[in-house]
Amino acid sequence: HDFAHIIDDSSTRELDRRIKALKQATGDVIMVATVPTFQPYADIKEYAVKMFENRGKSIGDRAKDNGLLIVVAVNDRKVGIEVGYQLEPLVTDGFAGETIREYIAPPFRRGQYGEGLVAGTTRVINRIAEQRGVSLTNMPATPAPETAPRNQRGGRFQIHPETLPIRA
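Presented here is a report on the structure given in the accompanying data block.

### A closer look at the overall build of the protein chain
- Within the protein chain, the regular secondary structure consists of five helices and four strands.
- The N-to-C order of helical and strand elements in the protein chain reads α-β-α-β-β-α-α-α-β.
- Out of the 168 residues in the protein chain, the part that is buried amounts to 48%.
- Residue pairs in contact within the protein chain that sit at least 24 positions apart in sequence constitute 66% of those at least 6 positions apart.
- For the protein chain, the computed accessible surface area is about 8,600 Å², with 46% contributed by carbon and sulfur atoms.

Now the structure itself:
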């Protein structure tokens, strides 16, 4: 759901295709959402939890708790990844933080939101598929990471695995 209107059509189609391939193969559900801001919530983590809960419906199979949410608050320059209980061993906080830092944030800094979300989501999809022991048809390999130079990583923002800056 691109509420912030930042993802190009080609990236939207590719995200949908890749997310559907994972769901078909494993039953796991990934949702990508962009919003202008996480306000009125205190931070991206709180916003992501509320969005993940989806008024009690949750993301993914509620009984299995097998959903994952990638949320972008554009004006706040924050990205969060909220993981359902069943996927936590597969997509750890460390893996989520590295995905945001090295796959999502660098293209975002160039204004390439679709590219960053496709790269980060693909990394998460490939990780889940690998850990579940399934092979996904027509799924590209995870691209090489784009790490920012050391002096640009944190910038003026405090970095946490669940909430990392889009721009340095």
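### A few points about the pattern of salt bridges
- In total, this model carries six salt bridges according to the counting rule given.
- Several salt bridges converge on common partners, so that one network encompasses Glu14, Arg17 and Arg18.

### Some points on helix α3 (residues 93-109)
- End to end, α3 covers 22 Å across 17 residues, agreeing with the expected 24 Å (1.5 Å per residue, within 8%).
- The principal kink in α3, of about 35°, is found at Ile100.
- Most of α3 is tucked away, with twelve of its 17 residues classed as buried.
- Phe95, Ala96, Gly97, Thr99, Ile100, Glu102, Tyr103, Ile104, Ala105, Pro106, Pro107 and Phe108 are the residues of α3 that are buried.
- Immediately downstream of α3, the backbone of Gly111 shows phi near 80°, a positive value.

### Here we look at the pairing of strand β2 (residues 67-73)
- Counting buried positions over the seven residues of β2 gives seven, a clear majority of the element.
- Every second residue of β2 is oriented toward a common face, with Gly67, Leu69, Val71 and Ala73 on one face and Leu68, Ile70 and Val72 on the other, all of them buried.
- As judged from the seven bridges shared by strand β1 (residues 29-35) and β2, these two strands associate in the parallel manner. Paired with Met31 across the two strands is Leu69, which belongs to β2.
- Taken together, the six bridges between β2 and strand β3 (residues 78-83) define a ladder with antiparallel strand orientation. Paired with Ile70 across the two strands is Ile81, which belongs to β3.

### So, the pairing of β3
- Of all six residues making up β3, six are buried, and the element is well covered by its neighbours.
- By the alternation rule, side chains of β3 split into Lys78, Gly80 and Glu82 and Val79, Ile81 and Val83, which are all buried.
- Connecting β2 to the next strand, β3, in antiparallel fashion are four residues, including Arg77 with a positive phi near 55°.

### Regarding the packing of aromatic side chains
- One pass over the full model with this rule turns up two aromatic pairs.
- Ring plane angle 75° and centroid distance 5.7 Å describe the contact between Tyr41 and Tyr47, whose orientation is recorded as edge-to-face.
- A residue is classified by how much of its surface remains accessible, and Tyr41, at 28% relative accessible area, is partly exposed.

### Focus on the nonpolar core
- Counting 33 residues, the largest nonpolar core has Ile30, Leu68, Ile70, Val91, Leu117 and Ile128 as the members making the most contacts within it.
- Every element with two or more residues in this core is listed here: α1 (9-26), β1, β2, β3, α3 and α4 (113-132).
- Of all the elements, α4 adds the most residues to this core, at seven residues.
- Contact partners of Val91, with chain neighbours within four places excluded, come to Leu68, Val83, Ala96, Val124 and Ile128.

### A word on helix α2 (residues 44-53)
- Taken as a whole, α2 has its buried residues at Ile44, Tyr47, Ala48, Met51 and Phe52. Buried residues of α2, seen end-on, are gathered within an arc of 130° and therefore sit on one face of the element.

Each value, and the rule that gives it
- Residues numbered from 1 in each chain as written.
- Predicted model: local features only at pLDDT ≥ 70, side-chain atom pairs only at ≥ 80, totals over all residues.
- Heavy atoms only, no water.
- Helix = DSSP H or I, 4+ residues; strand = E, 2+ residues; numbered from the N terminus.
- Buried < 20%, exposed > 50% of the residue type's maximum accessible area, 1.4 Å probe, protein only.
- Contact = heavy atoms within 4.5 Å.
- Areas by Shrake-Rupley, 256 points an atom, 1.4 Å probe, with all protein chains shown as cover.
- Salt bridge = Lys/Arg side-chain N within 4 Å of Asp/Glu carboxyl O.
- Expected span 1.5 Å × (residues − 1).
- Bend = angle between axes of the 7 residues up to and from the residue.
- Pairing = 2+ DSSP bridges.
- Phe/Tyr/Trp six-rings, centres within 6.5 Å; stacked < 30°, edge-to-face > 60°.
- Core = buried A, V, L, I, M, F, W, Y, C linked by side-chain atoms within 4.5 Å.
- Arc of directions from axis to C-beta.

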